[in-house]
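# Observations on chain architecture
Spelled out, the chains give:
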Amino acid sequence: AITTDIMVGFPGETDEEFKQSLEFAEKLGLAKAHVFAYSRRAGTRADKMDNQITRAVKEERSAKMIEVTDITRKAFYEKQVGLVEEVLFETLDRDNMYEGYTKNYTPVRVKSDCDLSGKTLSVKITQANDDFCLGEIE
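Described below are features of the structure shown in this document. (Residues numbered from 1 in each chain as written. Predicted model: local features only at pLDDT ≥ 70, side-chain atom pairs only at ≥ 80, totals over all residues. Heavy atoms only, no water.)

### Here's the deal with the side chain of Thr106
How we decide: Segments assigned H or I by DSSP are reported as helices when at least four residues long, segments assigned E as strands when at least two residues long, and all are numbered from the N terminus. Contact between two residues is taken to exist if any of their heavy atoms lie within 4.5 Å; hydrogens are not considered.
Among the secondary structure elements, Thr106 is positioned in the loop between β4 (97-101) and β5 (107-111). Residue contacts for Thr106: discarding those within four places in its chain leaves Phe76, Tyr77, Gln80, Gly100, Tyr101 and Cys133.

Below is the structure:
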């Protein structure tokens, strides 16, 4: 799994550079990305740079990058379906499902009547959702 942080809208970022960043993120097939827009901070070198990007352009670029990385995350989760992975369970969510993570940090939820918190168990991943996978304890 490849995860990263992506900043958009740094001063001087051109439309072509942003397009290349979008294509690169898509090509990598990121499992997860934290996308954020550059924000000016007084007293920094970047604050004094020419070619500051407007708020509207930064918001548009953030939305586009988030759209691309949402697609790659979903595709990554779909590739996990059918695999049996060790999952370290951490929490019980509001739907009474235990959530944990595989070694590649895929979030997996399972139903269980037993307390799974802190346990590592083999889980067959059965379904990919937008933000996590569902599984069954093996």
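Once the structure has been displayed, the description carries forward.
### So, the pattern of salt bridges
Here is the rule we go by: Should a side-chain nitrogen of Lys or Arg be within 4 Å of a carboxyl oxygen of Asp or Glu, the pair is scored as a salt bridge. Relative accessibility under 20% of the residue-type maximum defines a buried residue, over 50% an exposed one, and the middle range a partly exposed one, all with a 1.4 Å probe and only protein chains included.
Per the counting criterion, the structure on display carries 11 salt bridges. A salt bridge links Arg73 to Asp70; its shortest N-O distance comes to 2.9 Å. Placement of both Arg73 and Asp70 in helix α2 (residues 55-80) is noted, with a separation of three residues, approximately one turn of the helix. You can call Arg73 buried: its relative accessible area is 12%. Of the residues examined, Asp70 reaches a relative accessible area of 24% and is grouped as partly exposed.

### As for α2
Operational definition: Expected span of a helix, by definition, is 1.5 Å for each gap between consecutive residues, and there is one gap fewer than residues.
Taking 1.5 Å per residue, 26 residues should reach 38 Å; α2 reaches 37 Å between its end C-alpha atoms and fits that length. Next to the buried residues of α2 lie β1 (3-8), α1 (15-28), β2 (32-37), β5, β6 (120-128) and β7 (133-137). With its phi angle positive at about 100°, Gly82 sits one or two positions after the end of α2.

### As for the pairing of β7
Under the convention used in this document: DSSP bridges decide pairing: two strands pair if at least two such bridges lie between them.
In the sheet, β5 pairs with β7 via two bridges, with the strands oriented parallel. Residue pairing in the sheet places Val108 in a bridge with Cys133 of β7. Summarising the sheet, β6 and β7 pair through five bridges and their orientation is antiparallel. Along β7, the bridge assignment pairs Ile125 with Gly135. Following β6, the chain reverses through four residues before pairing antiparallel with β7.

### Details of the packing of aromatic side chains
Stated formally: Here the aromatic set is Phe, Tyr and Trp, taking the six-membered ring for Trp, and pairing holds for ring centres within 6.5 Å; pairs whose planes are under 30 degrees apart are stacked, those over 60 apart are edge-to-face, and all others are tilted. Criterion for a charge above a ring: Lys NZ or Arg CZ within 6 Å of the ring centre, and within 35 degrees of the ring normal.
This structure, assessed with the given rule, holds three aromatic pairs. With centroids separated by 6.2 Å and ring planes inclined at 55°, the aromatic side chains of Phe76 and Tyr77 adopt a geometry described as tilted. For Tyr77, a relative accessible area of 4% puts it in the buried group. Relative to Tyr105, the ring of Tyr101 has its centre 4.3 Å away and its plane inclined at 10°; by these criteria the two rings are stacked. Directly above the aromatic system of Phe132 lies the positively charged group of Arg109, at a separation of 3.8 Å from the ring centroid.

Purely geometric stuff here, so don't read any function into it on its own.
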